[in-house]
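# Examination of the molecular architecture
The lines below spell out each chain.
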Amino acid sequence: MKLTSNKILLPLYLVAVAVLAALDQWVKHLCVLHLKGQEPIVLIPGVLEFSYLENHGAAFGMLQNKQWFFWILTVVFICCALYFFVKVPKTRYYLPMILTVILLLAGAVGNFIDRLTYRYVVDFIYFRLINFPVFNIADIYVTLSMIALVALVLFRYKDGDFAFLEGKKKQEQKG
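Quick summary incoming for the structure in this document. (Residues numbered from 1 in each chain as written. Predicted model: local features only at pLDDT ≥ 70, side-chain atom pairs only at ≥ 80, totals over all residues. Heavy atoms only, no water.)

## Here's the deal with the pairing of strand 3 (residues 121-127)
Counting buried positions along strand 3 yields 6 of 7 residues, so the element is predominantly enclosed. Across 6 bridges, the pairing between strand 2 (residues 48-55) and strand 3 is antiparallel. Its bridge partner lying in strand 3, Phe-50 is registered against Ile-125. (Buried < 20%, exposed > 50% of the residue type's maximum accessible area, 1.4 Å probe, protein only. Helix = DSSP H or I, 4+ residues; strand = E, 2+ residues; numbered from the N terminus. Pairing = 2+ DSSP bridges.)

## What to know about the nonpolar core
When a protein is soluble and globular, its nonpolar side chains tend to lie buried together. Among the nonpolar cores identified, the biggest contains 33 residues, and Tyr-13, Phe-84, Phe-85, Tyr-94, Ile-98 and Phe-124 are the most heavily contacted of them. Where this core is concerned, the elements lending two or more residues are helix 1 (6-34), strand 2, helix 2 (67-87), helix 3 (95-117), strand 3 and helix 4 (137-155). With residues up to four places along the chain from it excluded, the contact list for Tyr-13 reads Phe-85, Lys-90, Ile-98 and Ile-102. (Core = buried A, V, L, I, M, F, W, Y, C linked by side-chain atoms within 4.5 Å. Contact = heavy atoms within 4.5 Å.)

## Some details on the packing of aromatic side chains
Any aromatic ring pair is given by two values, namely how distant the centres are and how the planes are angled relative to each other. Throughout the structure, instances matching the rule amount to 13 aromatic pairs. With centroids separated by 5.6 Å and ring planes inclined at 5 degrees, the aromatic side chains of Tyr-94 and Tyr-157 adopt a geometry described as stacked. One end of the pair, Tyr-94, is in the loop between helix 2 and helix 3; the other, Tyr-157, is in the segment after helix 4, with 63 residues separating them in the sequence. The same class applies to Tyr-94 as to Tyr-157, namely buried. When the centroid spacing of 6.0 Å and the interplanar angle of 20 degrees are considered together, the rings of Phe-127 and Phe-135 count as stacked. (Phe/Tyr/Trp six-rings, centres within 6.5 Å; stacked < 30°, edge-to-face > 60°.)

## Quick notes on the environment of Ile-147
Structurally, Ile-147 is set in helix 4. By relative accessible area, which is 53% here, Ile-147 ends up exposed. Sequence separation of Ile-147 and Thr-100 is 47 residues, and the distance between their C-alpha atoms is 9.3 Å.

## Comments concerning the side chain of Ser-51
Along the polypeptide, Ser-51 turns up in strand 2. Overall, Ser-51 belongs to the buried group, its relative accessible area being 18%. In this structure, Ser-51 is in contact with Leu-35, Pro-40, Asp-123, Phe-124 and Val-134, ignoring residues within four places of it in sequence.

Following this line, the structure appears as structure tokens:
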């Protein structure tokens, strides 16, 4: 069953990305106001705290001070996501993939805004118990969407389900 057309859905997808990215930016703004230059806020002693960090690289501090690389990578990803949104069949069958790409794009955009604005990404969530790298809401979006993407590709969709990306029509549309 077809959901509706691109004229309605594409703006809806982009609004969802904007709302999620705005939530990420709002929380980061609060962190800059209340955590920067302050002692960490301990939520669960020895386990979880909010601790301000300026990350000039990627996940786990990789590729420090290579902002140009992240700018290019993010712009390419945004273009790919937009292409996906335009080409994906508008059926319920593809809704989980669409939602996953929305979440992934929101995370990429959230951190991209930081890189353009500050030249670093604001991180603040720290799991002290396992000494996990400090991260943020956009990182959660990216991590959850990547887990969902892997699960969807492994367990829901088959190779032929992505023929639309090559401009080919499937013989049988999933409904």
